[in-house]
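Observations on chain architecture
The residues making up each chain are set out below.
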Protein chains: 2
Amino acid sequence: MKKLINSADTVVPDALAGMAAAHPGVLSVDLDQRVVYRAVPKEQGRVAIVSGGGSGHEPLHGGFVGAGMLDAACAGEIFTSPVPDQIAAATTAVDRGAGVLHIVKNYTGDIMNFEMAAELVAAESGTQVATVVTADDVAVEDSLYTAGRRGVGVTLIVEKIAGAAAEEGRSLAEVAAVAERVSRAGRSMGMALTSCTVPANGRPSFDLPEDEMEIGIGIHGEPGRHREPVASAAGIAARLVEPVLAELPEGEDHGVIVLLNGMGASPLIELYVVYAEVARLLQAAGVTVERSLVGSYVTSLDMAGCSLTLVRADAEMLRLWDAPVSTPALRWGV
Amino acid sequence: MKKLINSADTVVPDALAGMAAAHPGVLSVDLDQRVVYRAVPKEQGRVAIVSGGGSGHEPLHGGFVGAGMLDAACAGEIFTSPVPDQIAAATTAVDRGAGVLHIVKNYTGDIMNFEMAAELVAAESGTQVATVVTADDVAVEDSLYTAGRRGVGVTLIVEKIAGAAAEEGRSLAEVAAVAERVSRAGRSMGMALTSCTVPANGRPSFDLPEDEMEIGIGIHGEPGRHREPVASAAGIAARLVEPVLAELPEGEDHGVIVLLNGMGASPLIELYVVYAEVARLLQAAGVTVERSLVGSYVTSLDMAGCSLTLVRADAEMLRLWDAPVSTPALRWGV
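Given the structure is predicted, the values throughout are model-derived calculations rather than measurements. (Residues numbered from 1 in each chain as written. Chains lettered and ligands numbered in written order. Predicted model: local features only at pLDDT ≥ 70, side-chain atom pairs only at ≥ 80, totals over all residues. Heavy atoms only, no water.)

**Thoughts on the overall build of chain A**
- A count of helical and extended segments in chain A gives 8 helices and 14 strands.
- Taken against the 2.2 N^0.38 rule, which gives 20 Å for 334 residues, the C-alpha radius of gyration of chain A at 19 Å falls within 12% of a compact globule.
- Counting only C-alpha atoms, chain A reaches 55 × 50 × 35 Å along its principal axes.
- Burial analysis of chain A (334 residues in total) assigns 64% to the buried set.
- Expressed as a percentage of contacts within chain A between residues at least 6 apart in sequence, the contacts between residues at least 24 apart total 74%.
- As displayed, chain A has an accessible area near 11,100 Å², and 50% of this comes from carbon and sulfur atoms.
- Taking the 24 positively charged and 42 negatively charged side chains of chain A as two groups, their mean positions are separated by 4 Å. (Helix = DSSP H or I, 4+ residues; strand = E, 2+ residues; numbered from the N terminus. Rg over C-alpha atoms; globule rule 2.2 N^0.38 Å. Buried < 20%, exposed > 50% of the residue type's maximum accessible area, 1.4 Å probe, protein only. Contact = heavy atoms within 4.5 Å. Areas by Shrake-Rupley, 256 points an atom, 1.4 Å probe, with all protein chains shown as cover. Lys, Arg positive; Asp, Glu negative; His and termini not counted. Charge placed at Lys NZ, Arg CZ, Asp CG, Glu CD.)

**A closer look at the pattern of salt bridges**
- Enumeration over the complete set of coordinates arrives at 37 salt bridges over all chains.
- With a shortest N-O distance of 3.5 Å, Arg38 of chain B and Glu167 of chain B are connected by a salt bridge. Of this pair, Arg38 of chain B sits in strand β2 (residues 35-38) while Glu167 of chain B is found in helix α4 (residues 154-167), placing the two residues 129 residues apart along the sequence.
- Among the charged side chains, a salt-bridge network with shared partners connects Glu168, Arg170, Arg181, Asp314, Glu316 and Arg319 of chain A. (Salt bridge = Lys/Arg side-chain N within 4 Å of Asp/Glu carboxyl O.)

**Let's talk about the domain arrangement of chain A**
Residues and elements named next belong to chain A.
- Parsing chain A into structural domains produces domain 1 (12-184) and domain 2 (186-325).
- In this complex, domain 1 contributes 40 residues to the contact, which on the side of domain 2 involves 40 residues.
- Surface buried jointly by domain 1 and domain 2 totals about 3,300 Å² across both partners, of which 64% is contributed by carbon and sulfur atoms.
- A per-residue breakdown of the area domain 1 buries against domain 2 is headed by Phe79, Val138 and Lys160, which together make up 19% of the total.
- On the surface where domain 1 and domain 2 come into contact, there are 4 salt bridges. (Domains from an automatic or database assignment. Buried area = accessible area lost by both parts, 1.4 Å probe.)

**Observations concerning the relation of the copies chain A and chain B**
- Overlay of chain A on chain B (RMSD 0.0 Å): rotation 180 degrees, translation along the axis 0.0 Å. Both copies of the chain, as the preceding transformation shows, are related through a two-fold rotation axis. Minimal C-alpha distance to the rotation axis in chain A is attained by Ala265 of chain A, lying at 1.9 Å.
- Both copies share a contact surface, since 100% of the interface residues of chain A are interface residues in chain B too. (Least-squares fit on C-alpha atoms with pLDDT ≥ 70 in both.)

**Considering helix α7 (residues 268-284) of chain B**
- Taking 1.5 Å as the rise per residue, α7 of chain B with 17 residues should run 24 Å; its terminal C-alpha atoms sit 24 Å apart, in good agreement.
- Once α7 of chain B finishes, Gly286 of chain B follows within two positions and takes phi at roughly 75 degrees, a positive value. (Expected span 1.5 Å × (residues − 1).)

**Let's talk about unusual backbone geometry**
- The omega torsion of the bond from Leu60 of chain A to His61 of chain A falls at -5 degrees, within 30 degrees of zero and hence cis.
- By the secondary structure assignment, His61 of chain A is in the loop between β3 (48-55) and β4 (72-78).
- In this model, Glu58 of chain B is joined to Pro59 of chain B through a cis peptide bond whose omega is 10 degrees.
- By secondary structure assignment, the location of Pro59 of chain B is in the loop between β3 (48-55) and β4 (72-78).
- Positive phi, normally seen in glycine, also occurs at Arg34 of chain A, with a value near 60 degrees.
- Looking at the secondary structure, you find Arg34 of chain A in the loop between β1 (27-30) and β2 (35-38).
- Assessed through its relative accessible area of 23%, Arg34 of chain A is described here as partly exposed.
- The phi dihedral of Leu301 of chain B falls on the positive side, at around 50 degrees, and the residue is not glycine.

**Notes on the layout of surface pockets**
- Volume-wise, the second largest pocket comes out at about 1,000 Å³.
- Every residue lining the second largest pocket is counted, 39 residues in all, and those nearest its centre are Thr194 and Asp302 of chain A together with Thr194, Asp302 and Ala304 of chain B.
- Looking at the lining of the second largest pocket residue by residue, the class counts come to 17 nonpolar, 10 polar and 12 charged. (1 Å grid on protein atoms, 1.4 Å probe; cavity = no way out; pocket = protein on both sides within 12 Å on 5 of 7 lines; lining within 4 Å. Points joined across faces, edges and corners; volume = space filled by probe spheres on them. Nonpolar A, V, L, I, M, F, W, Y, C, P; charged D, E, K, R; others polar.)

**Description of the packing of helix α2 (residues 84-94) of chain A against helix α3 (residues 108-124) of chain A**
Residue and element names in this part refer to chain A.
- The N-to-C vectors of α2 and α3 enclose an angle of 50 degrees; their axes lie 8 Å apart at closest approach. Compared by their axis directions, α2 and α3 come out oblique. The hand of the α2/α3 crossing is right-handed. When α2 is examined against α3, the residues Pro84, Asp85, Ile87, Ala88, Thr91 and Thr92 are found in contact with a partner set consisting of Asn113, Phe114, Met116, Ala117, Leu120 and Val121.
- Counted by class, the contact of α2 with α3 contains 8 nonpolar, 3 polar and 1 charged residues. (Axes fitted to C-alpha atoms, helices over the stretch in contact; angles between N-to-C directions. Parallel < 35°, antiparallel > 145°, perpendicular 65-115°, else oblique. Left-handed = near helix turned anticlockwise from the far one by under 90°.)

**Some remarks on the interface of chain A and chain B**
- On the chain B side, the residues contacting the 60 residues of chain A number 60 residues.
- When the buried surface of chain A facing chain B is broken down by residue, Lys2, Leu4 and Ile269 of chain A rank first, second and third, together holding 21% of it.
- A salt bridge links Glu270 of chain A to Lys3 of chain B; the nearest nitrogen and oxygen atoms lie 4.0 Å apart.
- The tally of links between chain A and chain B comes to 23 residue pairs in polar contact (both at pLDDT 80 or more).
- At the level of elements, α1 (11-22), α6 (233-247), α7 (268-284), β11 (289-295), β12 (305-312) and β14 (331-332) of chain A are the ones that each hand at least two residues to the side of chain A that touches chain B.
- Residues of the side of chain A that touches chain B, tallied by class, amount to 37 nonpolar, 11 polar and 12 charged. (Polar contact = N/O pair within 3.5 Å; in protein donor to acceptor, adjacent residues only side chain to side chain.)

**Regarding the pairing of β1 of chain A**
All names here are of chain A.
- Going residue by residue along β1, you find Leu27 and Val29 tucked away on one face and Ser28 and Asp30 left uncovered on the opposite face.
- Here β1 runs beside β2; their pairing, made up of 4 bridges, is antiparallel. By the bridge assignment, Val29 is partnered in β2 with Val36.
- Between β1 and β2, which pair antiparallel in sequence order, lie 4 residues; one of them, Arg34, sits at a positive phi of approximately 60 degrees. (Pairing = 2+ DSSP bridges.)

**Notes on helix α5 (residues 172-184) of chain A**
All names here are of chain A.
- If you check α5, its first and last C-alpha atoms are 18 Å apart, about what 13 residues at 1.5 Å a residue would give, namely 18 Å.
- Taken as a whole, α5 has its buried residues at Leu172, Val175, Ala176, Val178, Ala179, Val182 and Ser183. The arc enclosing the buried residues of α5, seen along the axis, measures out at 165 degrees, which places them on a common side. Among the exposed residues of α5, those oriented more than 90 degrees off its buried face are Ala173 and Arg184. (Arc of directions from axis to C-beta.)

**What to know about the state of the cysteines**
Residue and element names in this part refer to chain A.
- Across all of its chains, the model carries 0 disulfides over all chains by this definition.
- Summary of cysteine pairing: Cys306 is not part of a disulfide, and the nearest cysteine sulfur, belonging to Cys196, is at 15 Å.
- For Cys306, a relative accessible area of 0% translates into the label buried. (Disulfide = S-S within 2.5 Å.)

Here is the structure:
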């Protein structure tokens, strides 16, 4: 295992310390609780948004904390859910009197711990919590850590759009409703050229022969749909676009927001090569690309590969997507 | 070799097609000439800026085309200089009557081809060209492709600051002068955990045992200073900070702009771990970090590793660094 780390045990706190050092004025990091906050808290009376999950998917979620997106992100150990106390602390800290939306990826541990945190908070402080679960991965029905579809790339699109709705001063119910609508409108599928290596394990999570790829991989290296010889970028794009389109909700003439996401070790030049093919296939299928994002946003440590997320986006979603955002990993309009 | 590509021969045009598809309204890509332009050309009377070099370093340079930074970027084949005709075409196309600044990394092929392009343009169209060469890599005196220091990470900082100066309406001589000042004020050093693999070669450019790292690596996999067992992130940070600080120009009480750059295959979580150590070492050395950037900006295909760039930045450089920029890879203030 070759990694830029100090020790397998300290990767998460060390990375959080690096985030704090790299983004003063934007982020404020509670290193004890392992929560990333906005440096400048949101004004009173606005809905706040908390997300989080296992580490190893950076910039998700801490890189999306900032004006127009998340108020706090709770970092678990690598590929391990944050704990209820941590989530409860973050939720209480960011409440500005208008309630808090939890955005949770569909993994059993995350669901359970965010639920427990919501109960803790309700009992202790009376903070109102609403929850939206993302479950966009069409690769498998259930998986190693999931009942139902896994939550992957759509999460960042839900976080961006919900963040913009909260910034507009909408109610908790309204912010939760638009987040839920985005979540339901999104589908994803990923593939891997290589395994990731969890630092504490010290060896690849799975073996993948030098001439094979895994289609439908999860962001923790969970098994996907099948393995096959490595295809061309065009072939890989087809294996992602087709199943995602097949399960993408219809939406009267609505186009899509596209995320072509790198898994962590695939360089940008390769992501652009795949994106050219994705764009071609979507055009051939008569699907209009309204917005696109190409880069490594929902990663799986040092896995090489990519995933595709499509969201069937109505006019309101596009308007909220375009709204100003100022976070370490997404920044525009400000 | 496992890569997300169609074929080794078409990586560059395929990636350019992906850039064009991913950034409509921001970029306009001439796929025949392999030049990335701003979709909305700069207004008349402003100095234009052209850069470029071998591909394989994305987002450098095409990802830095846009308002507040580059007007055009010329893409060569992987690790191969763009040709004079291509650079001349870009230079002529972006000239708005105020002349064009060429920002060139110090590699023999790049220097020669940008020079020939400048001569071609002067002879044919009378466009005034000034040139700034970046040569910030302290690892080696001369190298495989270079007389003198190699040009690496400072290039993006020069491009950002020169771009802002051009946007303010300054003359070609003034824009060139500030670019030159930034270039001289910057020093870099890189390290690799793994080799990159050039698609046309199909195998790693060099062999690096599973327990060793290379200190002082070049962005084309050129040999560095030495090899040694893989150190901790703290140890790696020290091996970069010390030699860079040792050769960093003094600057009466001026702090630094820091770029902690990923080589292509190192995930963001690891870059943050290293950045925490870099920030600690700079603080201990009494060096004030004025601005920082952590991410994969000047890559070497799928090499794992990182590089550190420091620029001794005066107040004007900081003001121009902070000025609005709107490119695919750097965006703020707009």
